[in-house]
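Letter by letter, the chains look like this.
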Amino acid sequence: MKFVIHFTTGKAWKVGKPHWEQGLVPHREYVREALAQGILIAGGPFMDHTGGLIILEVDCLEAAQQFADNDPAVIEGKFEATIYPWEPLEGIFNK
């Protein structure tokens, strides 16, 4: 199943600072590990610095929730995460 994790800024987000000044290296490493595991389909920040999204392919909602809950940026309060089951209708994501 595919899930979209929508990240929004959390309580520890430094307002007025771009995403590259938020200390998100542990988050980026966590996401890169998901890529190495083959569960990350796509992801990236919103260029208005209000958060970002990740598309995962995992077995169930609980696995997607566990991924979000263990994200260092969520743990540190820099992001809040909302998860949506997602079904692509057209394009490269429905292969």
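Residues numbered from 1 in each chain as written. Predicted model: local features only at pLDDT ≥ 70, side-chain atom pairs only at ≥ 80, totals over all residues. Heavy atoms only, no water.

A. Representation of the confidence of the model for the chain in the model. Residue-level pLDDT values for the chain average 93, and 95% of them are 70 or greater. The least confident element of the chain, judged by mean pLDDT, is strand β2 (residues 40-45) at 94; the most confident is helix α3 (residues 72-75) at 98. (pLDDT = per-residue confidence, 0-100. Helix = DSSP H or I, 4+ residues; strand = E, 2+ residues; numbered from the N terminus.)

B. Summary view of the packing of aromatic side chains. Across all of its chains, the model carries three aromatic pairs by this definition. With a centroid separation of 5.2 Å and an interplanar angle of 40°, the aromatic rings of F7 and F79 are classed as tilted. With F7 in strand β1 (residues 2-9) and F79 in strand β4 (residues 79-86), the pair connects residues that are 72 residues apart, well separated along the chain. Of the two residues, F7 and F79, both sit in the buried class. Note on W13 and F79: the rings are 5.6 Å apart at their centroids and 25° apart in plane angle, and the pair reads as stacked. Note that W13 is positioned in the loop between β1 and α1 (25-37) and F79 in strand β4, a separation of 66 residues in sequence. In this pair, the class of W13 matches that of F79, namely buried. (Phe/Tyr/Trp six-rings, centres within 6.5 Å; stacked < 30°, edge-to-face > 60°. Buried < 20%, exposed > 50% of the residue type's maximum accessible area, 1.4 Å probe, protein only.)

C. How the structure looks around the environment of H19. By the element assignment, H19 lies in the loop between β1 and α1. Distance in space between the C-alpha atoms of H19 and E90 is 30 Å, their sequence separation being 71 residues. Beyond its immediate chain neighbours, meaning those up to four positions away, H19 contacts W13, L24, P45, F46, M47 and H49. (Contact = heavy atoms within 4.5 Å.)

D. Highlighting the sheet that holds β4. The strand order across the open sheet built from four strands is β2-β3-β1-β4, with neighbouring strands paired in antiparallel fashion. Of all strands in the sheet, those with a lone pairing partner are β2 and β4, marking the two edges. On average, each strand axis in the sheet is tilted by 15° relative to the strand beside it, whichever way the strands run. Relative to strand β3 (residues 51-57), β1 runs antiparallel, the two being bridged by seven bridges. Bridge pairing in β3 places F7 opposite G52. Helix-sheet contacts for α1 involve β1, β2, β3 and β4, and the interaxial angle to β2 is about 160°. (Pairing = 2+ DSSP bridges. Axes fitted to C-alpha atoms, helices over the stretch in contact; angles between N-to-C directions.)

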